[in-house]
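Structural features, examined
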Amino acid sequence: MVNRIDPAMPVGAYQTYSITAPQDTTIVAACEQVACPAWLNGWDSVIDERTELGQRQAAYIRGQSRRTFREQKRGDGLTVFRFEAHQRCFEEHRTRPEIYLVRDGDWRGNPTGRQRQHTRPADWVEDMTENQGRIVDLQEKG
């Protein structure tokens, strides 16, 4: 059971502002778009070439990765591949596009069916701030 305060006005007198983020299953983004730390700063991949997996990873990095790197052998037998910043890492980044929605009504419904979706978070915030300002003005007028 949900405990809500009874609204003072009819449902049509309200606006509802919401932000939702659907499950991230479809949008793959590049490192730069998501401010990936590896893209910003570069990264190290430490590979153990004594294993079959490590040998395959190192061969991929050297021959197919199309990334800029420096290679160094460590005393413990591992290979360090140091990748420069501003290139794609090996992760598959996904984004969760947020939906910035304003609709008429409240939890009781949307009697007009009217709604609009902002494409930028700043626009949604500005819209809500202006709406709150109108409410304060009306309260001050009595």
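The structure under discussion appears in the preceding block.
All values derive from a computational prediction rather than experimental measurement. (Residues numbered from 1 in each chain as written. Predicted model: local features only at pLDDT ≥ 70, side-chain atom pairs only at ≥ 80, totals over all residues. Heavy atoms only, no water.)

Across its full length, the chain holds three helices and eight strands. Secondary structure elements of the chain occur, N-terminal to C-terminal, as β-β-α-β-α-β-β-β-β-β-α. Over its C-alpha atoms the chain spans a radius of gyration of 26 Å, topping by over 25% the 14 Å that the globule rule assigns to 142 residues. With respect to the principal axes defined by its C-alpha atoms, the chain has extents near 80 × 30 × 25 Å. The 142 residues of the chain split such that 25% are buried. Considering only intrachain contacts with a sequence separation of at least 6, the fraction spanning at least 24 residues in the chain is 64%. (Helix = DSSP H or I, 4+ residues; strand = E, 2+ residues; numbered from the N terminus. Rg over C-alpha atoms; globule rule 2.2 N^0.38 Å. Buried < 20%, exposed > 50% of the residue type's maximum accessible area, 1.4 Å probe, protein only. Contact = heavy atoms within 4.5 Å.)

Inspection of the entire model under this criterion finds eight aromatic pairs. Each ring, one from Y17 and one from W124, has its centre 6.0 Å from the other, and the planes form 75°; the classification is edge-to-face. With Y17 in strand β1 (residues 15-20) and W124 in helix α3 (residues 121-141), the pair connects residues that are 107 residues apart, well separated along the chain. Measuring from ring centre to ring centre gives 5.7 Å for F69 and F83, while their planes differ by 50°; the resulting arrangement is tilted. Taken together, the positions of F69 in strand β4 (residues 69-73) and F83 in strand β5 (residues 79-83) put the pair 14 residues apart, joining distant regions of the chain. Overall, the relative accessible area of 24% leaves F69 in the partly exposed class. Counting every residue linked through ring pairs, the aromatic cluster contains W43, Y60, F69, F81, F83 and F90. (Phe/Tyr/Trp six-rings, centres within 6.5 Å; stacked < 30°, edge-to-face > 60°.)

Further remarks concern the pattern of salt bridges. Following the criterion strictly, the structure yields 11 salt bridges and no others. Sharing partners across several salt bridges, the network here consists of E49, R62, E71 and K73. (Salt bridge = Lys/Arg side-chain N within 4 Å of Asp/Glu carboxyl O.)

Roughly 280 Å³ of volume is contained in the largest pocket. Elements that contribute at least two residues to the lining of the largest pocket include exactly β1 and α3. When residues in the lining of the largest pocket are grouped by element, the largest group, six residues, is from α3. Here the residues of the lining of the largest pocket sort into six nonpolar, four polar and one charged. (1 Å grid on protein atoms, 1.4 Å probe; cavity = no way out; pocket = protein on both sides within 12 Å on 5 of 7 lines; lining within 4 Å. Points joined across faces, edges and corners; volume = space filled by probe spheres on them. Nonpolar A, V, L, I, M, F, W, Y, C, P; charged D, E, K, R; others polar.)

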